[in-house]
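Spelled out, the chains give:
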Amino acid sequence: MPDAMSAETGRWFLAEGIGDIPPRVRMEGAFLPRPLPSMVRLLPQTYRILAEAEQAIGRLDEAAARLPNRAGLVRLAQLRDVHGSGELGGVFGALRELLLADLPGNAGTPEVDLGLRRYLRANDEAVAWVRAGGLINLTLFSRLGSILDGAADSLGHIDDDEVMEIAWRTGPGWLGGPDPRDAYLVAVPPGAELQTSGMQWSAWVDSGCEAPLLARVALGHYQLSVLSPVAHAGHLSRLYITLALIREGALADPLLPVSEWLSRHRDDYRDRILDMVHKGDLDGFLVFFATGIADLCRNQLRFIDRVERISAEHLSRIGRRMDGIVRVTRDLAATPITTNSQIAQRCGISVQQAASLTKQLQRIGVVRSMNGRNHPQVFTVPDVMDLFELNYPTPPDGDDEVFDR
């Protein structure tokens, strides 16, 4: 069955102004995808895989609600997502350093690439914007680009009169990473064609395309990535996936480190993008996308299961189970690194009480001080840190003995 995009996938232009791109890619030209369709027709098995992935998202959202510290799980997913997006964009940093950098006041924090900090800031701003009912459009992504450039600290207020304030890309764009020598596709040159197509994308996002949820999200991501209408389009097109899932009500929080999965499958992703460009293989792209989302959901569900087991094991070490220490112990099950101030804020207790409880938890091995008696003290939860750092993706269920030593 031919899909809705196979007849004509887009138009080609001369690829100019990028001296280091591979000759084959330059000869191919710069690509402008056709406008996204208002309705798609898919193979029956594609609909089934999309539905299964959407069900997996629902199961994950429900399972996350079981954790006393859902916010901790969300933050871990965001940090993993930023880490993966950084790898794809040539911005690198260790996960442990990212955790430390995310502590309020950055207590004891090593140097972390400023780009990763800006990724995290932009992601926080975007999620808050969409949760508050803000639109997903190129004005939003243009403002986020300013945060990523370091020209702004926040989105600020965007009203209806500012929808045309877009900082369009003015130089060449390509897919394949920050180095043009790794480019596998060149985006349409700046100008009227790019701007018209970018505005068509914004309109399509709000148009209610007749397609399953994940098909709409995947298509929106594809078009934004291939057009690259604004700076930092690679990171922003990946962030779009999370924002769209939240806006559509599929997820209450950013629980899926999509960029981490794409970083691990970047070659397959490249092939699927090129199959869309050259063959219009919509079914293949959607199956790849939905399979990745389902894999992420299963990994996160296993992570939640192991976090719950860690929490139960930690609670078994406690002698007299007073309410405060039980509450803190459960909270720490999804928190690899923390401080007394964070514990106090999350658990609704004083900093002094948190300090007293962490002393008890140190004695039984639940937490460990990372900086001795320095103030403020930074604590690690070794069992959770092992789970967070050493398992990407988390191993299959048959490998549980890794965590039960």
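The rules behind these values
- Residues numbered from 1 in each chain as written.
- Predicted model: local features only at pLDDT ≥ 70, side-chain atom pairs only at ≥ 80, totals over all residues.
- Heavy atoms only, no water.
- Helix = DSSP H or I, 4+ residues; strand = E, 2+ residues; numbered from the N terminus.
- Rg over C-alpha atoms; globule rule 2.2 N^0.38 Å.
- Buried < 20%, exposed > 50% of the residue type's maximum accessible area, 1.4 Å probe, protein only.
- Core = buried A, V, L, I, M, F, W, Y, C linked by side-chain atoms within 4.5 Å.
- Contact = heavy atoms within 4.5 Å.
- Axes fitted to C-alpha atoms, helices over the stretch in contact; angles between N-to-C directions.
- Parallel < 35°, antiparallel > 145°, perpendicular 65-115°, else oblique.
- Left-handed = near helix turned anticlockwise from the far one by under 90°.
- Nonpolar A, V, L, I, M, F, W, Y, C, P; charged D, E, K, R; others polar.
- Pairing = 2+ DSSP bridges.
- pLDDT = per-residue confidence, 0-100.
- Salt bridge = Lys/Arg side-chain N within 4 Å of Asp/Glu carboxyl O.
- Phe/Tyr/Trp six-rings, centres within 6.5 Å; stacked < 30°, edge-to-face > 60°.
- Expected span 1.5 Å × (residues − 1).
- Polar contact = N/O pair within 3.5 Å; in protein donor to acceptor, adjacent residues only side chain to side chain.

Draft legend 1. Spatial organisation of the overall build of the protein chain. On a plain count of helices and strands, the protein chain comes out with 16 helices and 7 strands. Radius of gyration (C-alpha) of the protein chain: 23 Å, near the 22 Å computed for a compact globule of 405 residues. Expressed as lengths along the three principal axes of its C-alpha atoms, the size of the protein chain is roughly 70 × 45 × 40 Å. Every one of the 405 residues in the protein chain was classed for burial, and the buried ones make up 55%.

Draft legend 2. The nonpolar core, seen in detail. By size, the foremost hydrophobic cluster in this structure holds 126 residues, and its most contacted members are Phe 141, Leu 144, Trp 201, Leu 245 and Ile 273. The element best represented in this core is helix H12 (residues 282-317), accounting for 15 residues. What Phe 141 contacts, discounting residues up to four positions off in sequence, is Ile 136, Trp 201, Leu 224, Val 230, Leu 236, Tyr 240 and Leu 243. Judged by nonpolar contacts, the second largest core, of 7 residues, contains Ala 15, Val 25, Ala 30 and Ala 183.

Draft legend 3. Fine view of the packing of helix H3 (residues 70-88) against H12. Here H3 crosses H12 at 135 degrees, and the two axes come no closer than 12 Å. As far as their axial angle goes, H12 and H3 are oblique. Like other packed secondary-structure pairs, H3 and H12 cross with a definite hand, here right-handed. Contacts between H3 and H12 involve Leu 73, Leu 76, Ala 77 and Arg 80 from the first element and Gln 300, Phe 303 and Ile 304 from the second. For the contact of H3 with H12, the residue count by class is 5 nonpolar, 1 polar and 1 charged.

Draft legend 4. Geometry of the side chain of Asp 253. Checked against the element boundaries, Asp 253 lands in the loop between helix H9 (233-247) and helix H10 (258-264). Asp 253 has contacts with Asp 61, Arg 70, Val 74, Arg 131 and Ile 246, leaving out every residue within four places of it along the chain.

Draft legend 5. Expanded view of the sheet that holds strand E7 (residues 378-380). Strand order in this open sheet of 3 strands is E5-E7-E6, and the pairing throughout is antiparallel. Each edge of the open sheet is held by one strand with a lone partner, namely strand E5 (337-339) and strand E6 (368-369). Looking at chain direction, E5 and E7 are connected through 3 bridges and run antiparallel. By the bridge assignment, Thr 339 is partnered in E7 with Val 378. Packing against the sheet, helix H14 (residues 340-347) makes contact with E5 and E7, and its axis sits at approximately 85 degrees to E5.

Draft legend 6. How the structure looks around the confidence of the model for the protein chain. Looking at the protein chain as a whole, the pLDDT averages 88, with 90% of positions reaching at least 70. Across residues 1-7, where pLDDT falls below 50, the model places 20 contacts with residues more than four positions away in sequence or in other chains. Contacts of residues 393-405 to residues separated by more than four positions or lying in other chains number 19 contacts, the stretch itself having pLDDT below 50.

Draft legend 7. Looking closely at the pattern of salt bridges. Overall, the coordinates contain 25 salt bridges when judged by the stated rule. For the salt bridge of Arg 317 with Glu 313, the shortest nitrogen-to-oxygen distance reads 2.8 Å. With a gap of 4 residues between them, Arg 317 and Glu 313 both fall in helix H12, about one helical turn apart. For Arg 317, a relative accessible area of 29% translates into the label partly exposed.

Draft legend 8. Up close: the packing of aromatic side chains. According to the stated counting rule, one finds 6 aromatic pairs in the structure shown. Ring geometry for Trp 12 and Phe 31: centres 4.9 Å apart, planes at 50 degrees, overall tilted. With Trp 12 in strand E1 (residues 10-13) and Phe 31 in strand E2 (residues 30-33), this pair connects stretches of sequence that are 19 residues apart. Given a relative accessible area of 34%, Trp 12 falls into the partly exposed group. Measuring from ring centre to ring centre gives 5.9 Å for Tyr 222 and Phe 285, while their planes differ by 65 degrees; the resulting arrangement is edge-to-face. With Tyr 222 in helix H8 (residues 213-227) and Phe 285 in helix H12, this residue pair connects regions lying 63 residues apart in the sequence.

Draft legend 9. Highlighting the environment of Ile 21. Take Ile 21: it is sitting in the loop between E1 and helix H1 (23-28). As a C-alpha pair, Ile 21 and Tyr 184 span 163 residues in sequence and 8.4 Å in three-dimensional space. Dropping the residues within four chain positions of it, Ile 21 is found in contact with Ala 15, Arg 26, Pro 180, Ala 183 and Val 186.

Draft legend 10. Up close: H12. For H12, built from 36 residues, the straight-helix expectation of 52 Å at 1.5 Å per residue is met to within 8% by its first-to-last C-alpha distance of 53 Å. You can read the cap of H12 off the contacts: a side-chain oxygen lies 2.9 Å from the backbone nitrogen of Gly 284, and it is on Asp 281.

Draft legend 11. Seen up close, the sheet that holds strand E3 (residues 174-175). If you trace the 4 strands from one edge of the open sheet to the other, you get E1-E2-E4-E3, paired in mixed fashion. Looking at strand neighbours, the two that pair on one side only are E1 and E3, the edges of this open sheet. Bridge analysis of E1 against E2 gives 4 bridges, and the strand direction is antiparallel. The residue bridging Gly 10 from the neighbouring strand is Pro 33, located in E2.

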